[in-house]
Amino acid sequence: MSRRPALLLALALTLPVLAGACGRGTNEDDKVVITQLGSDVLPGEILGLTVDIEDVEERIAGVDRSYVESTGLYSLRDGKELKATLQLSRFTEDAEIDRKLRLAIVDQIGSTKPRAFRMGDQTVYLTTSKRQAVAVFFRPRSFVVLSTLDTYDKGRTLLREVLELDI
């Protein structure tokens, strides 16, 4: 069985919470069509893993009431072997990014109760999913979901590298 669907699960889980739990009404003026971020958002390689963009157009096409204006899903591979995925989602200008919204997002990801940790000056929420370690962190106008295979022995190092990126 391919591991790709499991690693792509993070995007599928975060979009419903952003569409339904954010408090936007059904008014046509409230609709925001989410766009896909490009391949130029991340470097071509992180910690020796090749970064490639994944097509998420179908997944985001039906979501139109969201506090996210753009999102991208990136695979991180060692040769042809998938080691991790990274989802970057950028909030709309009018999104009220408070603790409640952050926790609503974090609570929808993974299958275990997320735990908050400090890595440098950044709060990172760690959880797990089927055979994956999942880390979620927020920037002022975006959030990142990094999912790594539980067999990948450089998961924490990869997380540190991603935390240093200007994304």
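Scroll up for the structure.
Residues numbered from 1 in each chain as written. Predicted model: local features only at pLDDT ≥ 70, side-chain atom pairs only at ≥ 80, totals over all residues. Heavy atoms only, no water.

**Q** Let's hear about the pattern of salt bridges: which residues, and what values?
**A** The full count for this structure, using the stated rule, is two salt bridges. In this structure, Lys83 and Glu81 form a salt bridge, with 3.1 Å as the shortest nitrogen-oxygen distance. Judged by relative accessible area, which is 15%, Lys83 ranks as buried. Relative accessible area serves as the criterion here: at 42%, Glu81 is assigned to the partly exposed category. (Salt bridge = Lys/Arg side-chain N within 4 Å of Asp/Glu carboxyl O. Buried < 20%, exposed > 50% of the residue type's maximum accessible area, 1.4 Å probe, protein only.)

**Q** Requested: an account of the side chain of Gln122, with residues and values cited.
**A** Its place among the elements puts Gln122 in strand β7 (residues 122-129). Given a relative accessible area of 14%, Gln122 falls into the buried group. At a separation of 3.0 Å, a polar atom in the side chain of Gln122 contacts the main-chain carbonyl oxygen of Phe138. Excluding residues that lie within four positions of it along the chain, Gln122 makes contacts with Phe117, Phe137, Phe138, Arg139 and Leu163. (Helix = DSSP H or I, 4+ residues; strand = E, 2+ residues; numbered from the N terminus. Polar contact = N/O pair within 3.5 Å; in protein donor to acceptor, adjacent residues only side chain to side chain. Contact = heavy atoms within 4.5 Å.)

**Q** Lay out the environment of Arg139 with the relevant residues and their values.
**A** Structurally, Arg139 can be placed in strand β8 (residues 132-139). Each C-alpha atom of the pair Arg139 and Arg90 lies 9.1 Å from the other, and the pair is 49 residues apart in sequence. Arg139 has contacts with Gln122, Val162, Leu163, Leu165 and Ile167, leaving out every residue within four places of it along the chain. Of the polar contacts made by the side chain of Arg139, one reaches the backbone oxygen of Leu163; its length is 2.5 Å.

**Q** How would you explain the nonpolar core if you had to name every residue and give the values?
**A** In terms of nonpolar packing, the biggest core is built from 26 residues, with Leu86, Leu158, Leu159 and Val162 touching the most fellow members. At the level of elements, β3 (49-54), β4 (68-78), β5 (81-91), β7, β8, β9 (142-149) and α5 (155-164) are the ones that each hand at least two residues to this core. Among the elements that line this core, the one with the most residues is α5, at four residues. Ignoring anything within four residues of it in the chain, the contact list for Leu159 reads Met119, Val124, Leu126, Ala135, Phe137 and Leu146. Val68, Phe91, Val134 and Phe138 belong to the second-largest nonpolar core, a separate cluster that totals 20 residues. (Core = buried A, V, L, I, M, F, W, Y, C linked by side-chain atoms within 4.5 Å.)

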